[in-house]
Amino acid sequence: PLVSALRERLVAAPATALLADADLVAWQSLRKRLTALFHDGDAAALRLFEEHRPLIQAALADRFEEMWQAVRDFDFDRALSVLASVPTAVEDTLE
């Protein structure tokens, strides 16, 4: 029962809750940079995304593919929408 409960909690945990502290700080910084680039319609967002793909994948988990497709399509409004749907920090997931 304990193992099953822990497994369910990990599966249900938001991706940002699974990031290490250092990764969480890096993610928050990267998120701000991506948000600014998306708002500006700046194609540099694609390069930044590719450079930090592992961190973004860890932070977005099941939303990663949707975000990746939006960035590749230069659909920055959709990318902003995905970012808005992901908690900004672990504290946001505990409220």
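If you're wondering where the values come from, they're calculated on a predicted model, not measured in any experiment.

Conventions we followed
- Residues numbered from 1 in each chain as written.
- Predicted model: local features only at pLDDT ≥ 70, side-chain atom pairs only at ≥ 80, totals over all residues.
- Heavy atoms only, no water.
- pLDDT = per-residue confidence, 0-100.
- Contact = heavy atoms within 4.5 Å.
- Axes fitted to C-alpha atoms, helices over the stretch in contact; angles between N-to-C directions.
- Helix = DSSP H or I, 4+ residues; strand = E, 2+ residues; numbered from the N terminus.
- Parallel < 35°, antiparallel > 145°, perpendicular 65-115°, else oblique.
- Nonpolar A, V, L, I, M, F, W, Y, C, P; charged D, E, K, R; others polar.

## Some words on the confidence of the model for the chain
Caution applies to low-pLDDT parts of the model: their predicted coordinates are not meant to be read in detail.
Thought 1: Mean pLDDT over the chain works out to 81, with 68% of the residues at or above the 70 mark.
Thought 2: The low-confidence segment residues 10-17 (pLDDT under 50) makes 18 contacts with residues lying over four places distant or belonging to another chain.
Thought 3: The model gives residues 90-95 a pLDDT under 50, and that stretch makes nine contacts with residues more than four places away or in other chains.

## Things to note about the packing of helix 4 (residues 53-60) against helix 5 (residues 64-72)
Thought 1: Where helix 4 contacts helix 5, the axes come no closer than 8 Å and their chain directions differ by 130 degrees. Here helix 4 is positioned oblique relative to helix 5, judged by the angle of their axes. In this structure, helix 4 contributes Arg53, Ile56, Gln57 and Leu60 to the contact, and helix 5 contributes Phe64, Met67 and Trp68.
Thought 2: Taken together, the residues of the contact of helix 4 with helix 5 sort by class into five nonpolar, one polar and one charged.

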